[in-house]
Amino acid sequence: QKDVGDVLKKHYPENFIPIHYKEKEYTSFSQIDEGLRLCDSIPGVQDEHLNSEGNKVIADSVIRKLKSYV
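What counts as what
- Residues numbered from 1 in each chain as written.
- Predicted model: local features only at pLDDT ≥ 70, side-chain atom pairs only at ≥ 80, totals over all residues.
- Heavy atoms only, no water.
- Patch = residues over 30% accessible without salt bridge, like charges linked within 9 Å, V, L, I, M, F, W, Y side chains within 5 Å.
- Areas by Shrake-Rupley, 256 points an atom, 1.4 Å probe, with all protein chains shown as cover.
- Salt bridge = Lys/Arg side-chain N within 4 Å of Asp/Glu carboxyl O.
- Helix = DSSP H or I, 4+ residues; strand = E, 2+ residues; numbered from the N terminus.
- Buried < 20%, exposed > 50% of the residue type's maximum accessible area, 1.4 Å probe, protein only.
- Core = buried A, V, L, I, M, F, W, Y, C linked by side-chain atoms within 4.5 Å.
- Contact = heavy atoms within 4.5 Å.

Things to note about a nonpolar patch on the surface
Where nonpolar side chains cluster on the molecular surface, the patch consists of I17, V62, L66 and Y69 and spans about 350 Å² of accessible area. Relative to the helices and strands, I17 is located in the loop between α1 (2–11) and β1 (19–21). Of the residues examined, I17 reaches a relative accessible area of 36% and is grouped as partly exposed.

See below:
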């Protein structure tokens, strides 16, 4: 949730991984929930886990954070 993300960003900035999506930075995945879940990709499926695009957003954000340490 956004409020938890804001606290983590403020108090643990070295450990916090911001989510980067469409050239913007977010503190919570719930802020960008735009067709990035399985139920958005497959009609009739009620599974709200991330689809491949959602997982890519997370993976790219983690990689970006790791590269910032180099």
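Observations regarding unusual backbone geometry
Most of the time, phi is negative for any residue but glycine, and the peptide bond is trans. For K22, which is not a glycine, the phi torsion comes out positive at approximately 50°. Along the polypeptide, K22 turns up in the loop between β1 and β2 (24–26).

Remarks on the nonpolar core
Counting seven residues, the largest nonpolar core consists of I19, Y21, Y26, F29, I32, L36 and V57. Beyond its immediate stretch of four places on either side in the chain, Y21 contacts Y26, I32, E34, L36, E53 and V57.

Quick notes on the pattern of salt bridges
One pass over the structure, following the stated rule, counts four salt bridges. A salt bridge links K2 to D6, with the shortest nitrogen-to-oxygen separation between them at 2.7 Å. Taken as a pair, K2 and D6 lie in helix α1 at a separation of four residues, close to a single helical turn. Classification of K2 as partly exposed rests on a relative accessible area of 40%. One salt bridge in this structure joins D60 and K56, with 2.9 Å as the shortest N-O distance. Taken together, the positions of D60 and K56, both in helix α3 (residues 52–67) and four residues apart, correspond to about one turn of that helix. Judged by relative accessible area, D60 falls into the partly exposed class, the value being 39%.

Don't take any of this as a statement about function, it's just geometry.
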